[in-house]
Amino acid sequence: MILSISGIRKSFSGIEVLKGIDLSVEEGDVVAILGPSGSGKTTLLRCMNLLETPDEGKLTFLSKTYDLAKISSREKLEIRRNTGFVFQSFNLFRNKTALENVTEGLVTVRKMAKKEAISIAEETLEKVGMKEFREKYPSELSGGQQQRVAIARAIAYNPAIVYFDEPTSALDPELAQEVLSVMRMLAEEGMTMVVVTHSLEFARHLSKHTIFIEHGVIVEKGKTDSFFNHPQMERTKEFLSLEEMK
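Model, not experiment: these values are computed from the prediction.

Trainee: Could you clarify how one ought to interpret the sheet that holds strand S10 (residues 217–223) in this entry?
Mentor: What holds strands together in a sheet is hydrogen bonding between their backbones, with the strands either parallel or antiparallel. Pairing is mixed across the open sheet formed by six strands, whose spatial order is S6-S7-S8-S3-S9-S10. At either margin of the open sheet sits one strand with a lone partner, and together these are strand S6 (83–86) and S10. When the angles between neighbouring strand axes are averaged without regard to direction, this sheet yields 15°. Pairing of strand S7 (residues 161–165) with strand S8 (residues 193–196), which is carried by four bridges, proceeds in the parallel orientation.

Here it is, written out as structure tokens:
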């Protein structure tokens with residue numbers, strides 16, 4: 001097991017958004033998190049990566065357990081140094097080229113020599129089909145291309161797990177397919193991924209486990225094949241039926 005969380009709670013302005021979430025992720029697993037808007041999906045993902053600090057709960061990551069109510073800044077950094085995060089809105093530096101966006105973290109966070117960072121960045125951009133655009137700025141790239149650069153940035157330092165927050169929701173269907181094809185390749189290579197998504201296609205065909213969350217609690221979870229073909233909860237059946245009608 002590469003990651004486990006237990007009893008995760010998070011409130012904003014007195015409103016409890018996560019209500020005691022338990023979840024585990026095995027090495028090489030691809031976990032899809034589904035749910036309606038406002039269900040707590042993104043908050044859960046951000047709490048798993050400590051971009052948001054939970055009010056309560058424990059997290060075990062790479063065999064070390066953390067009390068999240070007391071976690072220090074040093075421990076947060078320790079966790080994030082071994083994870084990658086891909087945002088819905090890309091979050092690229094607008095004044096840096098694709099290559100510079102990927103090398104930035106390698107040089108400033110990993111303290112890597114610039115020559116080595118450039119070599120790794122070029123190799124990673126090639127993996128996601130973006131090496132020929134390495135000198136382009138984000139404004140010169142399509143949304144799908146920007147997201148592929150963001151994925152390259154997230155995987156450049158070979159993290160133990162990568163989190164994706166609705167990586168295709170800001171893209172039209174054709175560009176979304178570009179990104180999904182890259183994620184499919186990463187899944188086939190055995191990368192451990194947790195993906196918040198509205199794409200039933202991704203969840204059904206690329207994930208190994210699927211979770212349905214609503215009102216801050218996990219309604220149903222299980223192996224993806226069983227989740228889609230034999231859902232147990234009526235709310236899950238209703239959600240899947242409505243989503244497939246869209």
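Trainee: Would you mind showing me how to read the packing of aromatic side chains here?
Mentor: When we look at a pair of aromatic rings, we describe it by the centre distance and by the angle of the planes. Tallied over the entire structure, the rule returns four aromatic pairs. Where Phe85 meets Phe87, the ring centres are 4.6 Å apart and the plane angle is 40°; that geometry is what we call tilted. Consider the rings of Phe227 and Phe228, whose centres lie 5.3 Å apart with planes at 70°: the pair is edge-to-face. With a relative accessible area of 2%, Phe227 lands in the buried category. In textbook terms, an aromatic cluster arises when at least three aromatic residues are bridged by ring pairs, as seen for Phe85, Phe87 and Tyr163.

Trainee: What should I look at first to understand the sheet that holds strand S4 (residues 56–61) in this one?
Mentor: Read across the open sheet, the four strands follow the order S2-S1-S4-S5; overall the sheet is antiparallel. The sheet is open, and its two edges are formed by strand S2 (15–25) and strand S5 (64–67), each paired on a single side. Averaged over all adjacent pairs, the angle separating strand axes in this sheet is 20°, with direction ignored. For strand S1 (residues 3–12) and S4, the ladder comprises five bridges, and the chain directions are antiparallel. What sits directly across from Ser6, in S4, is Lys58. Helix H2 (residues 73–80) contacts S4 and S5 of the sheet and is inclined by roughly 135° relative to S5.

Reading the values: the criteria
- Residues numbered from 1 in each chain as written.
- Predicted model: local features only at pLDDT ≥ 70, side-chain atom pairs only at ≥ 80, totals over all residues.
- Heavy atoms only, no water.
- Pairing = 2+ DSSP bridges.
- Helix = DSSP H or I, 4+ residues; strand = E, 2+ residues; numbered from the N terminus.
- Axes fitted to C-alpha atoms, helices over the stretch in contact; angles between N-to-C directions.
- Phe/Tyr/Trp six-rings, centres within 6.5 Å; stacked < 30°, edge-to-face > 60°.
- Buried < 20%, exposed > 50% of the residue type's maximum accessible area, 1.4 Å probe, protein only.
- Contact = heavy atoms within 4.5 Å.

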